Amino acid sequence: MTPQSPRKPNHDQPPRKPRLGPRPQPVSSPGTVACSGCQRRFVKSRFDAALRVCPACNHHNRLPALMRVRNILDAESYAPLPTPAGERDPLSFDDGMPYRTRLEHERTSKQVDEVFHAATGTINGIPAAVAAMEFSFFGGSLGEAAGLQFLTVCKAAVQRGLPLVCFCSSGGARMQEGLVSLMQMARCTAAVSLLADASLPYMTILCDPCFGGVSASFAAQADIILAEPHARIGFAGGRVIEQASHGKLPAGFQTAEFILEHGMVDMICERKEIKSVVATLLGALEQEGHARSS
Amino acid sequence: MPEAADPASVTAREAQAFARVTLARHPDRPRALRLIELLFSDWTELHGDRLFADDRAVVGGPARLGNRWVMVIGQEKGTDARTRVIHNFGMPHPEGYRKAKRLMLLAQKFGLPLICLVDTPAAHAGVEAEERGQAWAIADSMLTMFGLKVPTISVIVSEGGSGGALALAVADSVLALENAIYTVAPPETCAAILYRDANQKARAALSLRPEVATARALGVVDELVPEPSPGAHAHPLVVAAALKGALVRHLCDLEAQPRDLLLEARWERYEDPAPGSIPPGSPSA
Ligand SMILES: [Zn+2]
């Protein structure tokens, strides 16, 4: 998609001890998974233990929302935060397959009800609410249910006086919900303002990919914004821009590194460092004790 | 769906749906600057975002509605080949949204109600727009507008496309001209996403129901301002007069409310901004 692909091996990183075995198996075998950066195969359980960051090329492979949430929270502290999954089909959308059927199919095949997974717990001892978006479900798209989930998480955070940490990954709006999907940007904006009114810290971590109605609403409205290395982040998709501008895109266009250079995120954070960085920053922002009443 | 079985009728309905898009994009429809001239007096344009540039896709400044000073922000598409380029076809860059934000805060500081005239196919998609943080500019404009401590009204004048439109439409009252469209993305973009083919824009238009009557049914738009046939392009003065009446009425209602109730009502509105639905098989056009 971009001339300097985020999937390229990252030679800036110091080589690390190949703890997962020096020679990954070259062919598919049961219990192994391939790094989508370098295609090498690894034992799944160990790959997961390394948060799916490739030991060979450091590519940050996509991570399910549940793993992101569980991983940043201290063991034993994880308490799932129920968020509603919607059933509405506001436009009675049918483009060959009715939207409801498509949604049901997606739920069955991905084993996920909706885009967000959320929980409360502690991050290195600091109480927090955590939410993460499941990109594999409908491209992490921001439909009405996802908007309500985010609002529910923000309300719960305010009610309990907790800061919110949100892992954002989405292609943008859910086209099948048309204008209703667009309006979720406003709904999530209202939700973010709840956190601000309660003086509760709000942090986002932008993960590959993060675009459209999500990057242009709650992902960008945080007090502090982190990004994972090489994540593709932007408003319009790179393909759309390439067509519209009839030109070559700059090197590394719309990568985390590109947007850091242009001043849009606070830092790029290796996946294994996110927990400690978030804990440190929450500690700084909450020095005065949280939830000063407005 | 039984009626979908007849390809000829589907094609006809698609054509009908896209005709609405074409009507909303009619080149002679009154643009923001023309409407400002017809609706307000003492309009004084203010320029620049104080950060990078003056984006001519967004125009703004104080003006009087009747005898009441208000802050006006509009998306201007231009009216001929030359001005369309100057105004970038109504597609703002980040500096346009940052100018809007600056004017919103200025309005709040001096207690001026805000009136936004929305008319854009979408925010500009381009390398520079991304470099300067288009997503951040839109997100910030929405957050600012949502929290603004003065009454806010937005009008979907002709084309309300994507977050580029919503950035100026998180308002207490949302009006629309009858023949306008309000969509999650332009039908061409929707087609490219849904069917991987921008040429299926008519099919996308039929599925997405872009007409503002849909937005009204969903609860996103509060009132449709009537346009005598064939539309605002043929009757700009009549439509402007009707819009002015609606603006005065909504502004009076909003200003009569105590500020805390106004903000509470805004919160309640955006807690569930599109509660309605369109029943299956209901006519799209
Ligand atoms: Zn790899």
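Sequence order as written defines residue numbering, which begins from 1 separately in each chain. Labels are handed out in written order, letters beginning with A for the chains and numbers beginning with 1 for the ligands. The predicted origin of the model limits local features to residues at a pLDDT of at least 70 and limits the giving and counting of side-chain atom pairs to 80 or more, whereas totals for whole chains, interfaces and linings rest on all residues. Side-chain measures were taken over the full set of non-hydrogen atoms in the model, leaving aside hydrogen atoms and water.

Visitor: Whenever I open this one, the coordination of the zinc ion confuses me. Can you help?
Guide: Reference values for angles at a metal are 109.5 degrees in the four-donor tetrahedral case and 90 or 180 degrees in the six-donor octahedral case. Residues and elements named next belong to chain A. The protein atoms donating to the zinc ion are Cys-35 (SG), Cys-38 (SG), Cys-54 (SG) and Cys-57 (SG), with metal-donor distances spanning 2.3 to 2.4 Å. Counted as donors are the N, O and S atoms within 2.8 Å of the metal, or 3.2 Å for Na, K and Ca, while water is not among the atoms, so some sites may look incomplete. A site with four donors is called tetrahedral when every donor-metal-donor angle falls between 85 and 135 degrees; four donors are called square planar, and six octahedral, when opposite donors sit more than 155 degrees apart and all other angles fall between 65 and 115; any other arrangement is irregular. In this structure, the zinc ion is surrounded by four donor atoms whose angles at the metal cover 106 to 115°, and the resulting shape is tetrahedral. Written as a sequence motif, the donor residues of the zinc ion are C-x2-C-x15-C-x2-C. Placement of the pair is Cys-35 in the loop between strand S1 (32–34) and strand S2 (41–43) and Cys-54 in the loop between helix H1 (44–49) and helix H2 (65–72), with a sequence separation of 19 residues. Each member of the pair, Cys-35 as well as Cys-54, is classed as buried. Here a helix means four or more residues in a row that DSSP labels H or I, a strand means two or more in a row labelled E, and each is numbered from the N terminus. Summary of the burial criterion: residues with accessible area below 20% of their type's maximum are buried, those above 50% are exposed, and those between are partly exposed, where the area comes from a 1.4 Å probe applied to protein chains only.

Visitor: When you look at the packing of aromatic side chains in this model, what are you seeing that I'm missing?
Guide: For any two aromatic rings, the description comes down to two numbers: the centre-to-centre distance and the angle of the planes. All names here are of chain A. Here the aromatic set is Phe, Tyr and Trp, taking the six-membered ring for Trp, and pairing holds for ring centres within 6.5 Å; pairs whose planes are under 30 degrees apart are stacked, those over 60 apart are edge-to-face, and all others are tilted. Summed over the entire model, instances satisfying the criterion amount to nine aromatic pairs over all chains. Here Phe-150 and Phe-218 contribute two aromatic rings whose centre-to-centre distance is 4.3 Å and whose plane-to-plane angle is 25°, an arrangement assigned as stacked. Here Phe-150, found in helix H4 (residues 144–160), pairs with Phe-218, found in the loop between helix H6 (212–215) and strand S8 (224–227); they are 68 residues apart in sequence, far enough to count as distant. In this structure, Phe-150 and Phe-218 share a single accessibility class: buried. Here Phe-253 and Phe-258 contribute two aromatic rings whose centre-to-centre distance is 5.2 Å and whose plane-to-plane angle is 75°, an arrangement assigned as edge-to-face. The class of Phe-258 is buried, set by a relative accessible area of 6%. Three or more aromatic residues joined by ring pairs form one cluster here, namely Phe-116, Phe-150, Tyr-202 and Phe-218. In this structure, Arg-174 packs its charged tip against the face of Phe-138, placed 4.4 Å from the ring centre. To sit over a ring, a charge needs its Lys NZ or Arg CZ within 6 Å of the ring centre and within 35 degrees of the ring normal.

Visitor: Help me understand the confidence of the model for chain A, please; the structure alone is not making it clear to me.
Guide: If pLDDT is low for a region, its predicted coordinates should not be looked at in detail. pLDDT is a per-residue confidence score from the predictor, ranging from 0 to 100. Across chain A, the average pLDDT comes to 89, with 88% of residues at or above 70. Throughout, a residue-residue contact means that at least one pair of heavy atoms, one from each residue, lies within 4.5 Å. Ignoring residues within four places in sequence, the model shows residues 1–25 of chain A, a span with pLDDT below 50, making 40 contacts including any to other chains.

Visitor: Is there a simple way to think about the packing of helix H8 (residues 187–194) of chain B against helix H9 (residues 201–208) of chain B in this case?
Guide: Packed helix pairs are specified by the crossing angle of their axes together with the interaxial distance, meaning the distance between the axes. All names here are of chain B. Fitted lines through C-alpha atoms give the axes, limited to the stretch in contact for helices. The angle between two N-to-C directions lies from 0 to 180 degrees. At a minimum axis distance of 8 Å, the contact between H8 and H9 shows a crossing angle of 95°. It follows that H8 is roughly perpendicular to H9 by the angle criterion. Residues Pro-187, Glu-188, Cys-190 and Ala-191 of H8 form the contact with H9, whose own contacting residues are Lys-201, Ala-204, Ala-205 and Leu-208. Any residue that is not Ala, Val, Leu, Ile, Met, Phe, Trp, Tyr, Cys, Pro, Asp, Glu, Lys or Arg is counted as polar, Gly included; the first ten are nonpolar and the last four charged. Of the residues belonging to the contact of H8 with H9, the class tally is six nonpolar, no polar and two charged. Should an angle lie under 35 degrees it is considered roughly parallel, over 145 roughly antiparallel, and from 65 to 115 roughly perpendicular; all remaining angles are considered oblique.

Visitor: So what exactly am I meant to see when it comes to the pattern of salt bridges here?
Guide: Close approach of charged atoms allows side chains with opposite charge to pair. Any carboxyl oxygen of Asp or Glu within 4 Å of a side-chain nitrogen of Lys or Arg constitutes a salt bridge here. By the definition in use, this model includes 31 salt bridges over all chains. With a shortest N-O distance of 2.6 Å, A:Arg52 and A:Asp48 are connected by a salt bridge. The exposure classification of A:Arg52 matches that of A:Asp48, with both residues buried. With its nearest N and O atoms 3.0 Å apart, the salt bridge here joins B:Glu159 to B:Arg25. Remark: B:Arg25 occurs in the loop between helix H1 (7–24) and helix H2 (32–39) and B:Glu159 occurs in strand S4 (residues 152–161); sequence separation between them is 134 residues.

Visitor: Looking at this structure, how should I read the interface of chain B and chain A?
Guide: Buried accessible area, meaning the area lost when the parts come together, often serves as the stated size of an interface. Contacts between the two partners involve 51 residues from chain B, matched on the other side by 52 residues from chain A. Summed over both partners, buried area is the accessible surface (1.4 Å probe) that two parts give up on being assembled. Here chain B meets chain A over a buried area of about 4100 Å², counting both sides, of which 73% is carbon and sulfur. On the chain B side of the contact with chain A, B:Glu130, B:Trp136 and B:Val184 bury the most area, a combined 18% of that side's loss. There are two salt bridges connecting chain B and chain A. Between A:Arg187 and B:Asp272 there is a salt bridge; the shortest N-O distance is 3.3 Å. Polar contacts, as used here, are pairs of N or O atoms within 3.5 Å; protein pairs need one atom able to donate a hydrogen and one able to accept it. Residues neighboring in sequence count only if both atoms are side-chain atoms. For the pair chain B and chain A, the number of links is 15 residue pairs in polar contact (both at pLDDT 80 or more). Taken together, the elements giving at least two residues each to the side of chain B that touches chain A come down to helix H5 (127–131), helix H6 (134–147), helix H7 (162–166), strand S6 (181–183), H8, H9, helix H10 (212–218) and helix H12 (259–271) of chain B. With eight residues, H6(B) is the largest single contributor of residues to the side of chain B that touches chain A. The class makeup of the residues in the side of chain B that touches chain A is 32 nonpolar, 10 polar and nine charged.

Visitor: I would appreciate a short explanation of the confidence of the model for chain B in the present structure.
Guide: Put simply, chain B has an average pLDDT of 94, and 96% of its residues get 70 or more. Predicted as a complex, the structure gets a pTM of 0.93 and an ipTM equal to 0.96.

Visitor: Help me understand the pairing of strand S5 (residues 126–133) of chain A, please; the structure alone is not making it clear to me.
Guide: Residues in a regular strand project their side chains so that they alternate between the two faces of the sheet. Residue and element names in this part refer to chain A. Among the eight residues in S5, seven count as buried, and that is most of the element. At least two DSSP bridges between two strands are required for those strands to pair. Summarising the sheet, strand S4 (residues 116–123) and S5 pair through eight bridges and their orientation is antiparallel. Bridge pairing in S5 places His-117 opposite Ala-132. Here S4 folds back onto S5, and the loop between the two strands holds two residues, one of which, Asn-124, carries a positive phi near 45°.

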